Amino acid sequence: MQINRILVTCPKGIPPILKQELQHLGFPVLSEHSAGVETEGTLDDALRLNLFIRTGHRVLYLLREFSATNAEDLYRQVFAMPWEEYIDEQGYLCVTSSVDNPTIKDSRFATLRSKDAIVDRIREKRGKRPDAGPERDWTVVHLYWKEERAALYLDTSGEPLSRRGYRKIPLAAPMQETLAAAVVLATGWTGGGSFINPMCGSGTLAIEAALIGLNRAPGLLRSNFGFMHIKGWNEKLWNELREKAKGEARKSLSGRIIATDINPEAVEGARKNAATAGVEHLIEFGVCNYFDTPVPEGGGVIVLNPEYGERMGEAAKLGETYKGIGDFFKQRCTGYRGYVFTGNPGLAKKVSLKPKRSLPLFNSGIECRLLEYELYEGSLKVKKPKPPPMD
């Protein structure tokens, strides 16, 4: 079977974590980019990546690279590809693109010309052409075109891998599943010790922690991928990979996962999302101020994702919250590794602890930091404060 380059895309900041995932799965790392990591393998290998990768968004399987100076060059080169071998004439096609070519003012034109070339080729060879449109739940082809260099990929994921399928109740400004997985992996938590998540919102961090702790493949939650609409895809292998993944998953955790939020609706939504993911029984949910979150003895990881104060006037109100997080760490979390994920460096200083590490990650285009604090027993004694007010 043909071995080609495979590009696994991800948000900025995540490539170092994604690189470790690929190496753990036994894939070579050919190159690392600002928003992706390149490896190599067969189409069958792409199935395994879609099943096991936690921090990647798309698994793009390279079909061909070529030069094209303008839209007509592009059409001819795309038409020359044997699309009838990959795409069913009775099916549905979506073409996506990333275009930076001086002859193209609107990338949608390059997308349209590529789509035309593909369906024209299939109609010429098969007498019928597939339907085409923006939906990514069937066959997806991706065009990358920068200056004169162009590349065509099969998007074997279709819908992004961040859409695990469990988040039925997202609530406001939820953290993407792939980003949440990256945060958990960055903390080093794998199921031992406690994972504490005050301000849990829709529960994504706690749910991803449970999936990681169980060693449960994230792709098991989804029933549809782009590769399932490629002609001749290896359904037998997919079923075998799924069964193997189920067999390798743990049934229980040695540590505890505790998720709390002051908003009862958020906790109820998080509980329902966890039930859809099949991990509700592993997460102890509670409604309370973050300062009152249970913190068991024995140590572990505690992660907070407070608001960033993006709107005018919000940052001043949130200052007390961030200060309170520092007090919470000092008073109640000694023996743990504390983490704050925030997109506001000014507010982060209010925590009044020196971070051991600052990891840059992006949340929907916002440059954020995952700040790590080591909380040693007896080294951070302060007068016990009152719980800070919450809006």
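Data block above holds the structure.
The shown structure was predicted, so the numbers you read here are calculated from the model rather than taken from an experiment.

J.: Would you take a moment to explain the sheet that holds strand β11 (residues 283-287) for this structure?
T.: Within a beta sheet, neighbouring strands are joined by backbone hydrogen bonds and run either parallel or antiparallel to one another. The seven strands lie next to each other as β11-β10-β9-β12-β13-β15-β14, forming an open sheet whose pairing is mixed. In the strand order of this sheet, the two ends are held by β11 and β14 (357-363), each with one partner. In this sheet, adjacent strand axes meet at a mean angle of 20° when their direction is disregarded. Alignment of strand β12 (residues 300-304) against strand β13 (residues 336-342), held across five bridges, turns out to be parallel. Of the residues in β13, the one forming a bridge with Leu-304 is Val-340. Against the sheet, helix α6 (residues 204-214) makes contact with β9 (194-197), β10 (257-261), β11 and β12, and its axis sits at roughly 165° relative to β9, the strand it touches most.

J.: In this structure, what is going on with the packing of helix α2 (residues 43-52) against helix α7 (residues 235-248)? I would like to understand it.
T.: Each pair of packed helices gets described by two things: the angle between the helix axes and the distance between those axes. Packing of α2 against α7 leaves a shortest axis separation of 10 Å and a crossing angle of 35°. Seen from above, α2 lies across α7 with right-handed handedness. Where α2 abuts α7, its residues Asp-44, Leu-47, Arg-48, Leu-51 and Phe-52 lie against Leu-237, Trp-238, Leu-241, Arg-242 and Ala-245. A per-class count over the contact of α2 with α7 returns seven nonpolar, no polar and three charged.

J.: How should I be thinking about the pairing of strand β3 (residues 36-41) in this particular structure?
T.: Two faces, one strand: in a regular strand the side chains alternate between the faces of the sheet. Across the six residues of β3, five count as buried, placing the element largely inside the fold. Pairing analysis gives three bridges linking strand β2 (residues 31-33) to β3, with the strands arranged antiparallel. Note that in β3 the partner of His-33 across the bridge is Gly-36. Between β2 and the antiparallel strand that follows it, β3, lie two residues.

About the criteria used
Residues numbered from 1 in each chain as written. Predicted model: local features only at pLDDT ≥ 70, side-chain atom pairs only at ≥ 80, totals over all residues. Heavy atoms only, no water. Pairing = 2+ DSSP bridges. Helix = DSSP H or I, 4+ residues; strand = E, 2+ residues; numbered from the N terminus. Axes fitted to C-alpha atoms, helices over the stretch in contact; angles between N-to-C directions. Contact = heavy atoms within 4.5 Å. Left-handed = near helix turned anticlockwise from the far one by under 90°. Nonpolar A, V, L, I, M, F, W, Y, C, P; charged D, E, K, R; others polar. Buried < 20%, exposed > 50% of the residue type's maximum accessible area, 1.4 Å probe, protein only.

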